[in-house]
Structure formats: structure tokens, C-alpha cells
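# Descriptive structure summary
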Amino acid sequence: MMEEMFLLCLDINRSKIRTEALGKNRFYCDEQFERDYEIDLEQVEDVREIFYLICEELENSNIVQFQVEGFGEVPWPVDVSTDLLTVLEQLSDLLKFLDDPESKTSNLDFYEQGIQRRIKFRKLGDTIELNCKPFPDINSSGSKPSDPWGQDIEEEPIEKKLLKTMICQILESFVSIANEICPNLTSHKCFQEWCGDQYIASCLKRSTSG
């Protein structure tokens with residue numbers, strides 16, 4: 001039995017917001033932001049592009065740390081600009097899996113270079129069984145991965161309620177700090193539509209309702 005349990009967490013060091021974020025004038029006007037990233041925010045139609053820009057800003061701020069633990073490795077070598085970005089895209093589907101009694105399994109993929117792992121979740125009553133394997137595409141050439149870690153590793157089951165709380169806390173923390181650091185992006189229509197997603201909204205309402 002493993003001593004460490006599965007963990008997903010977005011850690012925010014708010015003591016640095018005033019000394020670092022404000023000191024670097026990170027609250028861009030739209031014109032300055034668009035010059036820095038060579039984009040036109042009005043032309044963006046995909047929330048993934050907004051996630052990318054937000055995660056870049058959060059990574060550069062040194063205020064936010066994305067943490068993943070479990071399956072024999074504490075912590076995982078993940079970051080905000082790439083790994084949190086890929087996870088954000090999948091959280092609505094994972095929440096749907098937890099809420100839908102007909103859904104039995106779901107995946108959370110860390111497909112960026114250097115991680116390339118898939119966590120598989122399987123319902124077992126009020127608990128969720130977890131299994132970690134290499135992300136499928138890593139073996140498309142037929143060769144074995146150079147890093148043997150992650151070959152069909154089981155983790156201690158987690159309560160469904162605890163897993164949902166974990167996911168909701170990530171969403172609440174992400175939206176809160178993104179609103180503070182780059183409100184020009186969180187006010188974008190694509191981001192607002194994502195926040196209005198049935199499953200995302202159910203998590204965000206927790207923080208506003210107290």
C-alpha cells in the first residue's frame with residue numbers, strides 16, 4: 001500500500017501578488033498585451049488560445065504552482081504553462097464523468113513531452129480507482145519509452161467526493177488568480193462561455209455561494 005495519495009492542486013502564493021505582479025505592471029491594457037503576444041484578442045474564437053495566454057502569464061508571474069502527486073512519484077515534474085493548460089481542457093469532461101451515473105470510466109491525459117502519461121479513472125461505488133500508464137501515442141513507433149516510469153501503476157482509490165472537491169478547488173483557484181493577473185483575458189467571451197459550462201459553473205458557484 002502506497003503512503004502517498006493522488007493529488008491535483010493549484011498552489012497560489014498570494015504574498016507575491018503585490019511585490020511581484022504589481023511591481024512588474026502585469027495588469028496589461030489590451031493594446032500592450034496584444035503587442036507582446038502579436039495577437040488580436042477580438043479574433044480569438046477558441047478558449048484553448050485564452051488558456052494558453054493565461055497560463056503563460058501565470059507561469060511568468062512565479063505566483064502559481066501546479067502540483068500533481070501519486071503513483072509512486074512525488075511530485076510530478078509538471079508546470080503551469082504546458083501541463084496545467086492541457087488539464088484545464090479536460091476538466092469539464094472529468095466532472096461530467098463524476099456526476100453522470102451512466103459514465104463508468106474517464107481519462108486525464110498529460111500528453112506534453114516529458115510527462116506523456118494517462119490517468120484512468122474507474123468508478124467503484126462511491127470511490128474511484130486510479131491507474132496510470134504511458135500516454136497512448138508515446139508507443140506509436142512500437143519502441144519502448146526511455147523512462148520506464150508509469151507502466152500500469154495502480155494508486156490507492158480515492159473517494160468520488162474528494163476527487164470532485166480537488167477539481168473544483170483547482171478551477172476556483174485558477175479563475176480567481178487569472179482574474180487578478182490578467183482580467184483582459186478572463187473577460188473574453190470564450191473564457192466567459194467556458195465558465196458558463198454546466199459542470200465548470202457548478203464548481204465556481206461554490207466559491208461565490210460561500
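As a convention, each chain's residues are numbered from 1 in the sequence order in which they are written. Local features in this predicted model are restricted to residues of pLDDT 70 or higher, and side-chain atom pairs are both shown and tallied only at a pLDDT of 80 or more, whereas totals for entire chains, interfaces and linings draw on every residue. To get the side-chain values, take all heavy atoms of the structure and skip hydrogens and water.

Moving on to helix H4 (residues 80–88). Because an α-helix packs 3.6 residues into every turn, residues spaced three or four apart end up facing the same way. For the exposure calls, accessible area comes from a 1.4 Å probe over protein chains only, and a residue counts as buried if that area is under 20% of its type's maximum, exposed if over 50%, partly exposed in between. Numbering of helices and strands runs from the N terminus, with a helix taken as a DSSP run of H or I at least four residues long and a strand as a DSSP run of E at least two residues long. Where burial is concerned, most of H4 is hidden: 8 out of the 9 residues are buried. Those residues of H4 that sit buried are Val 80, Ser 81, Asp 83, Leu 84, Leu 85, Thr 86, Val 87 and Leu 88.

Turning our eyes to something else, we now look at the side chain of Gln 90. Structurally, Gln 90 can be placed in the loop between H4 and helix H5 (91–99). Within the local environment of Gln 90, its side chain forms a polar contact with the backbone nitrogen of Asp 109, the two atoms lying 2.8 Å apart. Contacts are residue-level and defined by heavy atoms, with any inter-residue pair within 4.5 Å sufficient. Contacts of Gln 90, omitting those with residues within four sequence positions, involve Asn 107, Leu 108 and Asp 109. We define a polar contact as two N or O atoms separated by no more than 3.5 Å, with the added condition that, inside protein, one atom must be a possible hydrogen donor and the other a possible acceptor, whereas residues neighbouring each other in sequence contribute only through side-chain atom pairs.

Moving on, we come to the pattern of salt bridges. Side chains carrying opposite charge are able to pair once their charged atoms draw close together. In the sections that follow, a salt bridge refers to a side-chain nitrogen of Lys or Arg positioned within 4 Å of a carboxyl oxygen of Asp or Glu. Enumeration according to the criterion identifies 6 salt bridges in this entry. Measuring nitrogen to oxygen at the nearest pair gives 3.5 Å for the salt bridge that ties Lys 189 to Glu 45. Here the residue Lys 189 occupies a position in helix H8 (residues 189–195), and Glu 45 occupies one in the loop between helix H2 (30–37) and helix H3 (47–61), the gap between them amounting to 144 residues. Here Glu 73 ties to Arg 117 by a salt bridge, and the two come within 2.8 Å at their closest N and O atoms. One end of the pair, Glu 73, is in the loop between strand E2 (64–69) and H4; the other, Arg 117, is in strand E4 (residues 117–124), with 44 residues separating them in the sequence. With respect to burial, Glu 73 and Arg 117 carry one shared label: buried.

Let's shift gears to the nonpolar core. Core analysis: the biggest nonpolar cluster contains 61 residues, and Phe 66, Phe 110, Ile 119, Phe 121, Phe 174 and Trp 194 have the highest contact counts within it. In this structure Phe 121 touches Phe 6, Leu 94, Phe 97, Lys 104, Thr 105, Ser 106, Asn 107, Leu 108, Ile 128, Glu 129, Leu 130 and Leu 163, once residues within four positions along its chain are discounted. Nonpolar core, defined: a set of buried Ala, Val, Leu, Ile, Met, Phe, Trp, Tyr and Cys residues in which side-chain atoms within 4.5 Å join the residues together.

In this structure, Pro 75 follows Val 74 across a cis peptide bond, with omega equal to -10 degrees. Secondary-structure assignment places Pro 75 in the loop between E2 and H4. Even without a glycine there, the phi angle at Gln 116 is positive, about 45 degrees. Tracing the backbone through its elements, the reader meets Gln 116 in the loop between strand E3 (105–110) and E4.

Overall, antiparallel pairing links the 4 strands, which are arranged E3-E4-E5-E6 in an open sheet. The sheet terminates laterally at E3 and strand E6 (153–159), the two strands that pair on one side only. With strand direction ignored, the average angle separating the axes of adjacent strands in the sheet is 25 degrees. Only when DSSP finds a minimum of two bridges between them are two strands counted as paired. When E4 meets strand E5 (residues 127–134), the two strands line up antiparallel, connected through 8 bridges. Residue Arg 117 lies in a different strand from E5, and its bridge partner there is Pro 134. Whenever a helix is involved, its axis is fitted only over the stretch in contact; in every case the axis is a line through C-alpha atoms, and angles between N-to-C directions fall within 0 to 180 degrees.

Take Asn 131: it is sitting in strand E5. For Asn 131, a relative accessible area of 9% corresponds to the buried category. If we skip the residues at most four places from it in the chain, Asn 131 touches Phe 71, Arg 118, Ile 119, Lys 120, Asp 152, Ile 153 and Glu 154.

Right, let's talk about the packing of H5 against helix H6 (residues 160–181) for a bit. Where H5 contacts H6, the axes come no closer than 11 Å and their chain directions differ by 155 degrees. Relative to H6, H5 is oriented roughly antiparallel. Relative to H6, H5 is oriented so that their crossing is left-handed. Taking contact as the criterion, the partners of Leu 91, Leu 94, Leu 95, Leu 98 and Asp 99 in H5 are, on H6, Lys 160, Leu 163, Lys 164, Ile 167, Ile 170 and Leu 171. A class-by-class count of the residues in the contact of H5 with H6 yields 8 nonpolar, no polar and 3 charged. Convention used here: angles under 35 degrees read as roughly parallel, angles over 145 as roughly antiparallel, angles from 65 to 115 as roughly perpendicular, and any remaining angle as oblique. Note: crossing handedness is left-handed where the near helix turns anticlockwise from the far helix by less than a right angle, and right-handed where it turns clockwise. In this classification, Asp, Glu, Lys and Arg are treated as charged, Ala, Val, Leu, Ile, Met, Phe, Trp, Tyr, Cys and Pro as nonpolar, and every other residue, Gly included, as polar.

The rule is short: rings of Phe, Tyr and Trp, with Trp giving its six-membered ring, pair when the centres are within 6.5 Å, and they are stacked under 30 degrees, edge-to-face over 60, tilted in between. As enumerated under the stated definition, the model contains 11 aromatic pairs in all. Each ring, one from Phe 51 and one from Phe 191, has its centre 6.5 Å from the other, and the planes form 85 degrees; the classification is edge-to-face. Of this pair, Phe 51 sits in helix H3 while Phe 191 sits in helix H8, placing them 140 residues apart in sequence. Both residues of the pair, Phe 51 and Phe 191, belong to the buried class. Seen in terms of ring centroids, Phe 174 and Phe 191 are 6.1 Å apart; in terms of plane orientation they differ by 50 degrees. Their pairing is tilted. Of this pair, Phe 174 sits in helix H6 while Phe 191 sits in helix H8, and the two are 17 residues apart along the sequence. You'll find Phe 174 and Phe 191 in the same group, each marked buried. Aromatic ring contacts, followed pair by pair, group Phe 6, Phe 71, Trp 76, Phe 110 and Phe 121 into a single cluster. Definition used: whenever NZ (Lys) or CZ (Arg) falls within 6 Å of the ring centre and also within 35 degrees of the ring normal, the charge is taken to sit over that ring. When the ring centre of Trp 76 is taken as reference, the NZ or CZ atom of Arg 117 above it lies at 4.7 Å. Lying across the ring of Phe 97, Lys 123 places its NZ or CZ 5.0 Å from the centre.

Distances and angles like these do not, on their own, reveal function.
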